[in-house]
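Each chain, letter by letter, is given below.
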Amino acid sequence: MEHLVQFAQIQGFTAIALGLIIGFGALGACIGIGIMGSKFLEAAARQPELVPLLQGRMFLLAGLIDAAFLIGVALAMYFAVANPLLGKVLSAAGAGQ
């Protein structure tokens with residue numbers, strides 16, 4: 001019975017961690033893209049002739065920022081579907097019986 005409680009605790013804590021990973025990742029990506037966009041607009045207002053060069057770099061960085069967030073989402077989905085922490089509890093439950 002104790003193993004079922006540990007199993008449920010690990011699932012619960014994993015669900016909380018998944019929410020934090022995805023939530024803080026999304027928040028960080030949004031803040032990063034917002035700051036980058038505002039700096040792009042400031043630079044475009046100061047030197048309009050550099051807009052094509054800056055625009056390409058801005059989109060490249062926006063993709064990298066989103067890629068970092070999506071890596072966090074992929075890691076969170078890995079723990080949601082195939083949680084390696086549950087294997088320890090299951091192996092301990094099998095050894096204890």
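Criteria and thresholds
- Residues numbered from 1 in each chain as written.
- Predicted model: local features only at pLDDT ≥ 70, side-chain atom pairs only at ≥ 80, totals over all residues.
- Heavy atoms only, no water.
- Helix = DSSP H or I, 4+ residues; strand = E, 2+ residues; numbered from the N terminus.
- Rg over C-alpha atoms; globule rule 2.2 N^0.38 Å.
- Buried < 20%, exposed > 50% of the residue type's maximum accessible area, 1.4 Å probe, protein only.
- Contact = heavy atoms within 4.5 Å.
- Axes fitted to C-alpha atoms, helices over the stretch in contact; angles between N-to-C directions.
- Parallel < 35°, antiparallel > 145°, perpendicular 65-115°, else oblique.
- Nonpolar A, V, L, I, M, F, W, Y, C, P; charged D, E, K, R; others polar.
- UniProt positions renumbered as here; feature names shortened; annotations may be inferred.
- Phe/Tyr/Trp six-rings, centres within 6.5 Å; stacked < 30°, edge-to-face > 60°.
- Salt bridge = Lys/Arg side-chain N within 4 Å of Asp/Glu carboxyl O.

**Student:** Lay out the overall build of the chain in plain terms, naming residues and giving numbers.
**Tutor:** Scanning the chain for helices and strands turns up 3 helices and 0 strands. Starting at the N terminus, the α and β elements of the chain follow one another as α-α-α. Here the chain has a C-alpha radius of gyration of 22 Å; the compact-globule value for 97 residues is 13 Å, and the former is much larger. Based on the C-alpha atoms only, the size of the chain along its principal axes is roughly 75 × 15 × 10 Å. Per-residue burial over the chain gives 16% buried out of 97 residues. Intrachain contacts of the chain at a sequence separation of at least 6 include 80% that bridge at least 24 residues.

**Student:** Quick rundown of the packing of helix α1 (residues 2-46) against helix α2 (residues 51-81)? Include the residues and the values.
**Tutor:** Between α1 and α2, the shortest axis-to-axis distance is 9 Å and the interhelical angle comes to 175°. With respect to their mutual orientation, α1 and α2 come out roughly antiparallel. Residues that form the contact of α1 with α2 fall into these classes: 22 nonpolar, 6 polar and 1 charged.

**Student:** With reference to specific residues and values, describe the UniProt feature "domain: V-ATPase proteolipid subunit C-like" (unreviewed entry) in the chain.
**Tutor:** On the UniProt side, "domain: V-ATPase proteolipid subunit C-like" (unreviewed entry) is annotated at positions that read residues 16-78 here. The span residues 16-78 shows a helical share of 94% and a strand share of 0%, and its end C-alpha atoms are spaced 14 Å apart.

**Student:** Lay out the packing of aromatic side chains in plain terms, naming residues and giving numbers.
**Tutor:** Counted under the stated rule, the structure contains 1 aromatic pair. For the pair Tyr78 and Phe79, a centre-to-centre distance of 5.5 Å together with 70° between the ring planes defines the contact as edge-to-face. Judged by its relative accessible area of 44%, Tyr78 is partly exposed.

**Student:** Please give an account of the pattern of salt bridges that cites residues and values.
**Tutor:** What the rule picks out here adds up to 1 salt bridge. Linking Glu42 and Lys39 is a salt bridge whose minimum nitrogen-to-oxygen distance equals 4.0 Å. Of the two residues, Glu42 and Lys39 are both situated in helix α1; the distance of 3 residues between them amounts to about one turn of the helix.

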